[in-house]
Amino acid sequence: MKNKINLLVMPTDCCNMNCVYCFHSSFHEKEGRMSGETLRRLYDITFACYQNVLIIWHGGEPLCMGKSFFEEALQLQTSYPGVHVINRMQSNLTLLTDDMADFLCSSHIGVGSSFDGINNEYLRGDSERILAGREKLLSRGKACGFIMVLSRKNVDTLIESYELFKRLNANYSINPYVHTTAVNDSELALDASHTIQRLQEFFDYWIADAKCNVHVDYFERILKFIIFGKKSVCKYTSCLGKWLGIRYDGSIVPCNRYFPDEFGLGSIWDYDKLSDAFQSDGFRRLLEGAIERRYKCQNCEVFPFCAGGCNNVALNEGGITENGGSTCKITKGIYSYIKTYLSDSEDHRLADRQANPMIRRLISNKGY
């Protein structure tokens, strides 16, 4: 039996929102829902070969499935002794009722969401309901951080948005927008040079902020790697063989992001053990493309940190075997800037001279 697998389970394509950068509207029908039979089959073939399973319930919007689905999902997990399961959820929070919040919190399901800073109302909408949903979790003693999608529409608001997250006391990460063929990116696509400049300005502001009370994961993950050699986020550690996406109909895909059919890994109905999906032609094509790309990247100074980057980002910005797209340029630019900032400092001196209390804490805790 293998040790661990991470699953992004998408029990539905349904979503009650229509974010401007979402690819689901073009690539998925936004109607399908996972059946109890499909859920049980997923568990049967997963728990037959993995002892530790992280499930992130994703979507679509997972709360569209209702409380009864997740009650069944968690109850079924108890039927497989000897398997340790961690459940998490990524939700827009707008459908979160008090009853559902009670269930999630009492079931120890960690919940994250998305919020695009001061321009959220234009990019995602429903700002009040998102924040109200988060308050339901906070009032029950649970944390809830955000992902901020960085696009041309909010790249000039990085500092103002940071101040908003500080007022909300909300930790957040920054994900640069990636164009797909499903979305007209004329108003969203990032200009790499401009984005690097804005991120550098934001870093200077953030690192010197004595009143910082939130984690900004985008910068912290770079600091953790440069200072301590630590990294964990999937796109910088090679997700292949470690992560899978499961769609509501049992289709197995590389992750929750959209990949063409040629990279599909079949269906849960094709295998007696989920690990056998890694022997599929779709996975072989993905692996071969990633290896070719990483071979080209290996002499780049940023390669030890990014490991060739995210397969989906590469696929959308130039092809699975290529890098050098906008996201690659942005990563290089900000990584080099932070490395230069740190180059004349020993760890203890860096801790002593930081105004930002979150960075002092990160350094004192050795990156944990």
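Just so you know, these numbers come straight off a predicted model, no measurement behind them. (Residues numbered from 1 in each chain as written. Predicted model: local features only at pLDDT ≥ 70, side-chain atom pairs only at ≥ 80, totals over all residues. Heavy atoms only, no water.)

1. Here we look at the layout of surface pockets
Here comes step 1: Each pocket or cavity is described by its volume, and for the second largest pocket that value is around 270 Å³.
Here comes step 2: If you trace the second largest pocket, you find 21 residues lining it, with Cys-306, Gly-308, Gly-309, Asn-323 and Cys-328 closest to the centre.
Here comes step 3: In terms of residue count, the dominant contributor to the lining of the second largest pocket is helix H13 (residues 326-342) (four residues). (1 Å grid on protein atoms, 1.4 Å probe; cavity = no way out; pocket = protein on both sides within 12 Å on 5 of 7 lines; lining within 4 Å. Points joined across faces, edges and corners; volume = space filled by probe spheres on them. Helix = DSSP H or I, 4+ residues; strand = E, 2+ residues; numbered from the N terminus.)

2. Some thoughts on the nonpolar core
Here comes step 1: Membership of the largest hydrophobic core comes to 60 residues, with the highest contact counts inside it found for Leu-7, Tyr-43, Trp-57, Ile-246, Ile-252 and Leu-274.
Here comes step 2: The set of elements that each furnish at least two residues to this core consists of strand E1 (2-10), helix H2 (36-47), strand E2 (50-57), helix H3 (67-77), strand E3 (84-90), helix H4 (98-106), strand E7 (243-247) and helix H10 (281-297).
Here comes step 3: No other element matches the six residues that E2 contributes to this core.
Here comes step 4: In this structure, Leu-7 is in contact with Leu-42, Thr-46, Val-53, Leu-54, Ile-55, Ile-56, Leu-244, Ile-246 and Leu-274, ignoring residues within four places of it in sequence.
Here comes step 5: Met-17, Tyr-21, Ile-130 and Phe-165 belong to the second-largest nonpolar core, a separate cluster that totals 50 residues. (Core = buried A, V, L, I, M, F, W, Y, C linked by side-chain atoms within 4.5 Å. Buried < 20%, exposed > 50% of the residue type's maximum accessible area, 1.4 Å probe, protein only. Contact = heavy atoms within 4.5 Å.)

3. With respect to the packing of aromatic side chains
Here comes step 1: This structure, assessed with the given rule, holds 23 aromatic pairs.
Here comes step 2: For the pair Phe-115 and Phe-146, a centre-to-centre distance of 5.4 Å together with 35 degrees between the ring planes defines the contact as tilted. One end of the pair, Phe-115, is in the loop between strand E4 (110-114) and helix H5 (120-123); the other, Phe-146, is in strand E5 (residues 146-150), with 31 residues separating them in the sequence. Considered together, Phe-115 and Phe-146 belong to a single accessibility category, that of buried residues.
Here comes step 3: Taking 6.1 Å as the distance between ring centres and 90 degrees as the angle between the ring planes, the aromatic pair formed by Tyr-162 and Tyr-205 counts as edge-to-face. Taken together, the positions of Tyr-162 in helix H7 (residues 158-168) and Tyr-205 in helix H8 (residues 192-207) put the pair 43 residues apart, joining distant regions of the chain.
Here comes step 4: A relative accessible area of 34% means that Tyr-205 is categorised as partly exposed.
Here comes step 5: What links up through ring pairs into an aromatic cluster is the set Tyr-162, Phe-202, Phe-203, Tyr-205, Trp-206, Tyr-218, Phe-219, Tyr-337 and Tyr-341. (Phe/Tyr/Trp six-rings, centres within 6.5 Å; stacked < 30°, edge-to-face > 60°.)

4. Notes on unusual backbone geometry
Here comes step 1: Following Gly-59, the chain continues to Gly-60 via a peptide bond in cis, the omega torsion being 10 degrees.
Here comes step 2: With respect to the helices, strands and loops of the structure, Gly-60 is situated in the loop between E2 and H3.
Here comes step 3: A positive phi angle, close to 75 degrees, is found at Leu-93, a residue other than glycine.
Here comes step 4: With respect to the secondary-structure elements, Leu-93 resides in the loop between E3 and H4.
Here comes step 5: Here Asp-126, not a glycine, exhibits a phi torsion of approximately 55 degrees, which is positive.
Here comes step 6: Looking at the secondary structure, you find Asp-126 in the loop between H5 and helix H6 (127-138).

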